[in-house]
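One letter stands for each residue in the lines below.
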Protein chains: 2
Amino acid sequence: MTEKKKLGKNKILKELYFEESLSCADLAIKLEKSFPVTAKLIEELVSENLVIETGYAPSTGGRRPLMYALQKNVMYLVSVAMDQFVTKIAIMDMQNNFVSPIEKIVLPLPNNPLVLNVLKDKIAQVIDSSGISKDKFVGVGIGMPGFVNVKKGINYSFLQLPNNKSITKNIGEKIGIPVFIDNDSSLVALAELRFGAARSEMNAMVVNIGWGIGLGLILNGELFRGHDGFAGEFSHIPLFLNGKLCSCGKVGCLETETSLLLIVEKAREGIKEGRLTRMSSQCLKDLELACDAIIKSVQEGDQFAIELFSKAGYNIGKGVAVLIHLLNPKTIILSGRGSSAGQIWQAPIQQALNEHCIPRLYQSTTIEISTLGINAELIGAAALVMENYERIPVIKSHPVSLEMNLS
Amino acid sequence: MTEKKKLGKNKILKELYFEESLSCADLAIKLEKSFPVTAKLIEELVSENLVIETGYAPSTGGRRPLMYALQKNVMYLVSVAMDQFVTKIAIMDMQNNFVSPIEKIVLPLPNNPLVLNVLKDKIAQVIDSSGISKDKFVGVGIGMPGFVNVKKGINYSFLQLPNNKSITKNIGEKIGIPVFIDNDSSLVALAELRFGAARSEMNAMVVNIGWGIGLGLILNGELFRGHDGFAGEFSHIPLFLNGKLCSCGKVGCLETETSLLLIVEKAREGIKEGRLTRMSSQCLKDLELACDAIIKSVQEGDQFAIELFSKAGYNIGKGVAVLIHLLNPKTIILSGRGSSAGQIWQAPIQQALNEHCIPRLYQSTTIEISTLGINAELIGAAALVMENYERIPVIKSHPVSLEMNLS
DNA sequence: AAAACTTTTTTAATTATTTAATAAGTTTTT
DNA sequence: AAAAACTTATTAAATAATTAAAAAAGTTTT
């Protein structure tokens, strides 16, 4: 059927997005289709100018495979990464390149009824000023903190519409392009799974070290979201008997003992108390800059900064010990803003595991630092759109235009 | 192909085991095959006397579907449920009935090199004395505590063979029937998923309240085992700062604050200290009988017994709060030996969730008590064999014998 | 340098699935 | 009460997919 064929073609495009370049044999296996069927679909995609032949790959002991990749300048993605304070918007191509400068706007989410409209306007503006025709956009992917229901397109924490209406629908109607949303930490995990340190991993925990401690769970090779899409509330597991009130209203959450927010606060306090450090109270005023400054100090060997990260790392490790016991992952990936501090995390986390984990369990678990760093969420937002690519109804063929032939 | 056909037939037999009775239309959907193909396979299975027509089901608004079920007395399962002290062996048919009395032997696992041989002899003996011919047994399913690698057939905690050789292979060679092993709590969860309170659930946590606090995770409708098969080590998550040494060598594990073992110990202490209760130190001597006695006392309203369960329940609740935050399940099932105490668990666990869980999360999670009770592990062990049924190579046709026609 | 082996691609033969048409039994609607 | 709508079952023809075999292009071994 023509409907089934389209699905097959979309799957090929999706696979090529995630893998960059594949042979017909590879694709046949991934699609779980026979070789002849796959070859035919590819042939059609090539004639539609959506896919190109990229030449022969080195032989693996036999005939060299002819490789295929996505055509350039034919499809684009809009990716949006929001945190509690700042929102970043970018346009990405099918090779994971940023094709326009990353737009950054200050947009505080809590108690801000204007967020949705500002966001819509900004996305529209970015698309407009890119000069790329709208029908070349596959979709908009948005990552945001809070309790996000992916299927319904609702964020129960921020950006709420009256009657819990779908914000993906709302934005989509304004922009004219399909919209997908997910929790920020889930998208960080998705980015790591598809393009980062967890690539092709079957069981991995991606810890998003940011203003809170987020978690994206990769189970059986897929992002796990739970029954309502709220899985991964790592920040608020009750782990400490410290009597500290958390932003969520409970007491003793993991977040009360570790997070970048806490580190910045403690740094500010320390300086006030006259701790010896290369950091100044001046450079810690703005939250984002403060965070960058502390991480820089860590890398320059500042003892106070290292102490702050070590303590935070140990407490993350206590949380990770719980994860390892419950889910027996192959690897733990440290990602998000805080991961740029790099190897500093390893020792204190490992220490916590030594103390709180059954040896057999932690010995077979590795801890790795993200290579995607601060852009993980943006990459994940783009990946989110392509994860859903089969389900996007509109698929246009792109005939070879004159300019294209000339270029 | 004949190989593919066999696979399809085995899948039908498997589906009928788990669902008891299905129409051709149901099976076509489950197998993801077309109606004609499914109908043909069923026809063959009927003529091989493996499947029987059970008449017409009530109409759901159209022609009444002809239902199919597994033939009786054609296939049997051996299921074995081990705990640290006692091992139970049963023979089950395809309708989940125990066709022989459940054999119970005292068999302490720790530091006992004889376990494997005793187990093999006992299984052989049970099969022998059943009078059922060996070729009617599909397989042996065994649940056991410890770190079990399902695929490799190894238990790293007990029953170890030299060089970490597969115990499933070892037992299988002696018995002459395929053998499968899994962790006890995983099998309890499997039983609940297939025949119990978690039936057809997509996301559920099955808490196995026994001598420890086990956990079986049902994620995306399947039993989740983790990278090495060790997922669900609920008993040993570091949750308390109580300084109590756990059997695992660590400090502050969940198990140090809740388990049936702890309840029995505390009951014994309480009586020694002269607590007012209907229990006597006499009836608490034997561990299993003690446990039964305390649960009976709870149901009879004994205040001391209820107090013990309430405290244990609250601490289980603290652990469950962690599960809910991390995995956002739809339901929590209390199963295993302790679940026979029934509704007594509800209040203290709910209390702990109120205190330690974000409202949005626990409000959409239900807590249910198992209906399978003490036999959950045995049922799960049988289900384990059938979960793997497609992969079992030997499949015999069972021609209608004379006696069968006469009966 | 030839033979044996791998891997990919192509083609033809086989097999499976979908579709459509028919029929039978039920429920809902008119 | 009869007609319409719906679900299940059966069959045959049309369509599509898989499998098997063979060819092509390389690599490795003898």
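Everything quoted here is computed from the prediction, not taken from an experiment. (Residues numbered from 1 in each chain as written. Chains lettered and ligands numbered in written order. Predicted model: local features only at pLDDT ≥ 70, side-chain atom pairs only at ≥ 80, totals over all residues. Heavy atoms only, no water.)

What follows deals with the protein's contact with DNA strand C. Near DNA strand C, the surroundings consist of 21 residues, among which Gly62 of chain A together with Val37, Gly62, Arg63 and Arg64 of chain B are the closest. Sugar plus phosphate, as a fraction of atoms of DNA strand C within 4 Å of the protein: 65%. The contact in question runs from a phosphate oxygen of DNA strand C to an N or O atom on the backbone of Leu66 of chain A, over 2.9 Å. Elements represented by at least two residues in the surface near DNA strand C include exactly helix H2 (24–31) and helix H3 (35–47) of chain A together with helix H3 (35–47) of chain B. Partitioned by chemical class, the residues of the surface near DNA strand C number 10 nonpolar, 7 polar and 4 charged. (Near = heavy atom within 4 Å. Polar contact = N/O pair within 3.5 Å; in protein donor to acceptor, adjacent residues only side chain to side chain. Helix = DSSP H or I, 4+ residues; strand = E, 2+ residues; numbered from the N terminus. Nonpolar A, V, L, I, M, F, W, Y, C, P; charged D, E, K, R; others polar.)

Okay, the domain arrangement of chain A next. According to the domain assignment, chain A contains domain 1 (2–71), domain 2 (76–188 + 380–391) and domain 3 (199–371). Computed over C-alpha atoms only, the centres of domain 1 of chain A and domain 3 of chain A are separated by 40 Å. (Domains from an automatic or database assignment.)

Turning to the interface of chain B and chain A, a few remarks are in order. The interface is formed by 44 residues belonging to chain B together with 44 residues belonging to chain A. Between the two partners, chain B and chain A, sit 0 salt bridges. Looking at the side of chain B that touches chain A, the elements with two or more residues in it are strand E12 (213–219), helix H9 (303–327), helix H10 (346–356) and helix H11 (359–363) of chain B. When residues of the side of chain B that touches chain A are assigned to their parent elements, the largest contribution, 7 residues, is made by H9 of chain B. A class-by-class count of the residues in the side of chain B that touches chain A yields 24 nonpolar, 12 polar and 8 charged. (Contact = heavy atoms within 4.5 Å. Salt bridge = Lys/Arg side-chain N within 4 Å of Asp/Glu carboxyl O.)

Turning our eyes to something else, we now look at the pattern of salt bridges. Residues and elements named next belong to chain B. Under the criterion given, the structure shown has 34 salt bridges over all chains. Note that Glu257 and Lys244 form a salt bridge whose closest N and O atoms lie 3.4 Å from each other. Here the residue Glu257 occupies a position in the loop between strand E13 (222–224) and helix H7 (260–272), and Lys244 occupies one in the loop between E13 and H7, the gap between them amounting to 13 residues. Overall, the relative accessible area of 15% leaves Glu257 in the buried class. (Buried < 20%, exposed > 50% of the residue type's maximum accessible area, 1.4 Å probe, protein only.)

This part takes up the relation of the copies chain B and chain A. Turning chain B through 180° and shifting it by 0.1 Å along the axis lays it on chain A, with an RMSD of 0.1 Å. Here the two chains are linked by the operation of a two-fold rotation axis. It is Leu239 of chain B whose C-alpha, among those of chain B, lies nearest the rotation axis, at 3.0 Å. An overlap of 100% is found between the interface residues of chain B and their copies at the interface of chain A, pointing to a shared contact surface. (Least-squares fit on C-alpha atoms with pLDDT ≥ 70 in both.)

All names here are of chain B. Relative to the elements of secondary structure, Thr256 occurs in the loop between E13 and H7. A polar atom in the side chain of Thr256 sits 3.0 Å from the side chain of Asn242. If sequence neighbours within four positions are ignored, Thr256 has contacts with Asn242, Lys244, Leu245, Cys246 and Leu262.

Residue and element names in this part refer to chain A. What the 5 strands build is an open sheet, ordered E6-E5-E4-E7-E10; its pairing is mixed. Only two strands of the sheet have a single neighbouring strand rather than two, namely strand E6 (103–106) and strand E10 (179–183). On average, each strand axis in the sheet is tilted by 15° relative to the strand beside it, whichever way the strands run. Relative to E10, strand E7 (residues 137–144) is paired through 5 bridges, and the arrangement is parallel. Looking at the pairing, Val140 lines up with Val179 of E10. (Pairing = 2+ DSSP bridges. Axes fitted to C-alpha atoms, helices over the stretch in contact; angles between N-to-C directions.)

The next point concerns the nonpolar core. Counting residues in each nonpolar core, the largest one holds 118 residues, and the members touching the most others are Trp345 of chain A together with Trp345 of chain B. Beyond its immediate stretch of four places on either side in the chain, Trp345 of chain B contacts Ile209, Ile263, Phe309, Ala312, Gly313, Ile316, Leu334, Gly338 and Ser339 of chain B. (Core = buried A, V, L, I, M, F, W, Y, C linked by side-chain atoms within 4.5 Å.)

Attention now goes to the packing of helix H7 (residues 260–272) of chain A against helix H8 (residues 287–299) of chain A. All names here are of chain A. At their nearest, the axes of H7 and H8 sit 10 Å apart, and the two run at 80° to each other. Relative to H8, the element H7 is oriented roughly perpendicular. Here H7 contributes Leu260, Leu261, Ile263, Val264, Ala267 and Arg268 to the contact with H8, which in turn contributes Leu287, Ala290, Cys291 and Ile294. Of the residues belonging to the contact of H7 with H8, the class tally is 9 nonpolar, no polar and 1 charged. (Parallel < 35°, antiparallel > 145°, perpendicular 65-115°, else oblique.)

In this section: the environment of Thr168 of chain A. All names here are of chain A. The residue Thr168 is located in helix H5 (residues 167–175) in this model. You can call Thr168 buried: its relative accessible area is 15%. Between the alpha carbons of Thr168 and Gly210 there is a distance of 25 Å; along the sequence they are 42 residues apart. With sequence-adjacent residues up to four places away left out, Thr168 is seen in contact with Lys152, Gly153, Val179, Phe180 and Ile181. Of the polar contacts made by the side chain of Thr168, one reaches the side chain of Ser166; its length is 2.8 Å.

Moving on to the packing of aromatic side chains. Centre-to-centre distance and the angle between the planes together describe a pair of aromatic rings. All names here are of chain A. Overall, the coordinates contain 16 aromatic pairs over all chains when judged by the stated rule. Ring geometry for Tyr17 and Phe18: centres 4.9 Å apart, planes at 70°, overall edge-to-face. A single burial state applies to Tyr17 and to Phe18, both of which are buried. Taking 5.7 Å as the distance between ring centres and 85° as the angle between the ring planes, the aromatic pair formed by Tyr156 and Phe230 counts as edge-to-face. Of this pair, Tyr156 sits in the loop between strand E9 (154–155) and H5 while Phe230 sits in the loop between strand E13 (222–224) and H7, and the two are 74 residues apart along the sequence. The residues Tyr156 and Phe230 share a single accessibility class, namely buried. (Phe/Tyr/Trp six-rings, centres within 6.5 Å; stacked < 30°, edge-to-face > 60°.)

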